[in-house]
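Architecture and fold: a report
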Amino acid sequence: MGASNIEELSLYNSSILANLNFAGSPATFNPPISADNPGEPWLKVRPLQTGDFHRGFLQILSQLTAVGNVSLAQFLNRFAQMRASGDYFVTVIVDTRSDKIIGSATLVLEHKFIHGCSVRGRLEDVVVDDTYRGKQLGKLIVVTVSLLAQRLGCYKMSLDCKDKLIPFYKSIGYVLEPGNSNTMNIRYEQPSAAVSANHTSGSEPTLPIDPS
């Protein structure tokens with residue numbers, strides 16, 4: 001059964017991606033693009049959905065690292081766990097012409113006692129299909145989830161990267177953590193008021209059990 005025949009759920013409420021403040025990001029885009037307007041009418045930035053198993057989501061991840069032989073049942077079970085926790089914001093780029101996932105990045109929320117029981121974001125699993133190079137999509141997906149972390153009230157966003165990617169992340173506002181050459185952070189001095197990440201509200205049904 002194809003993705004178009006499945007009653008789909010989103011991992012989180014897509015409304016929190018609307019009107020992210022790209023103008024407030026240290027990153028520059030030439031020409032300007034954003035999550036709302038990703039540069040081509042056939043590109044869409046949105047939360048991961050249940051039907052993305054059939055849209056090549058795992059195949060995109062396999063360009064980044066070993067995925068293994070994950071079944072649909074395993075995918076849906078992990079999706080349900082992530083959705084129930086409210087702490088995972090897997091965000092994807094879709095080529096709507098072919099209905100395929102071409103990029104992805106994950107924001108994971110870590111709940112702390114420090115900083116007044118604040119929340120830190122972690123950036124994980126950033127990947128964009130090599131055939132879409134030159135469209136600023138790696139920068140777009142990273143900036144999208146970074147701004148999302150700020151909107152959700154994180155005091156900072158952290159990542160670990162390979163040496164060759166340090167200049168890329170520096171160009172969009174991340175700085176190296178002293179004493180740890182591959183850990184980078186971006187701090188939100190005045191984070192936006194946290195918005196609700198409740199992604200089970202509304203009429204949605206319940207779920208059955210290298211950037212460039």
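Below is a summary of the structure that appears in this document.

Here is what the cut-offs are and how they apply
Residues numbered from 1 in each chain as written. Predicted model: local features only at pLDDT ≥ 70, side-chain atom pairs only at ≥ 80, totals over all residues. Heavy atoms only, no water. Core = buried A, V, L, I, M, F, W, Y, C linked by side-chain atoms within 4.5 Å. Buried < 20%, exposed > 50% of the residue type's maximum accessible area, 1.4 Å probe, protein only. Helix = DSSP H or I, 4+ residues; strand = E, 2+ residues; numbered from the N terminus. Contact = heavy atoms within 4.5 Å. Pairing = 2+ DSSP bridges. Axes fitted to C-alpha atoms, helices over the stretch in contact; angles between N-to-C directions. Phe/Tyr/Trp six-rings, centres within 6.5 Å; stacked < 30°, edge-to-face > 60°. Salt bridge = Lys/Arg side-chain N within 4 Å of Asp/Glu carboxyl O.

**Let's talk about the nonpolar core**
Phe 57, Leu 107, Leu 123, Val 142, Met 157, Tyr 169 and Tyr 174 are the most contacted members of the largest nonpolar core, which totals 61 residues. With nine residues, the single largest contributor to this core is helix α4 (residues 137–151). Excluding its chain neighbours within four sequence positions, the residues that come into contact with Met 157 are Leu 107, Gly 121, Arg 122, Leu 123, Val 145, Ser 146, Ala 149, Tyr 174, Met 184, Asn 185, Ile 186 and Tyr 188.

**Examining the sheet that holds strand β5 (residues 156–160)**
Spatially, the seven strands line up as an open sheet ordered β1-β2-β3-β4-β5-β7-β6, and their pairing is mixed. Looking at which strands have only one partner, the edges of the open sheet turn out to be β1 (43–47) and β6 (175–177). When the angles between neighbouring strand axes are averaged without regard to direction, this sheet yields 30°. Relative to strand β7 (residues 180–187), β6 is paired through three bridges, and the arrangement is antiparallel. Within β7, the residue paired with Glu 177 across the bridge is Asn 180. The sheet contacts of α4 involve β1, β2 (88–95), β3 (100–111), β4 (119–128) and β5, and relative to β2 the element is tilted by about 150°.

**Some remarks on the pairing of β7**
Summarising the sheet, β5 and β7 pair through five bridges and their orientation is antiparallel. Note on β7: the bridge partner recorded for Leu 159 is Met 184. Counting the residues between successive antiparallel strands, the hairpin from β6 to β7 contains two residues, one of them, Gly 179, with a positive phi of roughly 85°.

**Quick look at the packing of aromatic side chains**
Using the criterion set out here, one finds eight aromatic pairs in the structure. Seen from their ring centres, Trp 42 and Tyr 132 are 6.4 Å apart, and the 55° between their planes marks the pair as tilted. Placement of Trp 42 in the segment before β1 and of Tyr 132 in the loop between β4 and α4 is noted, with a sequence separation of 90 residues between them. Here Trp 42 and Tyr 132 have matching classes, each one buried. Taken together, the aromatic side chains of Phe 53, Phe 57, Phe 75 and Phe 79 make up a single cluster linked through ring pairs.

**Brief notes about the pattern of salt bridges**
If charged atoms from side chains of opposite charge come close, those side chains can pair. Under the definition given, this model contains 11 salt bridges. In this structure, the salt-bridge partner of Asp 160 is Arg 122, at a minimum N-O distance of 2.9 Å. Here the residue Asp 160 occupies a position in strand β5, and Arg 122 occupies one in strand β4, the gap between them amounting to 38 residues. A single network of salt bridges, built from pairs that share partners, joins Glu 8, Arg 46, Asp 52, Arg 55 and Asp 99.

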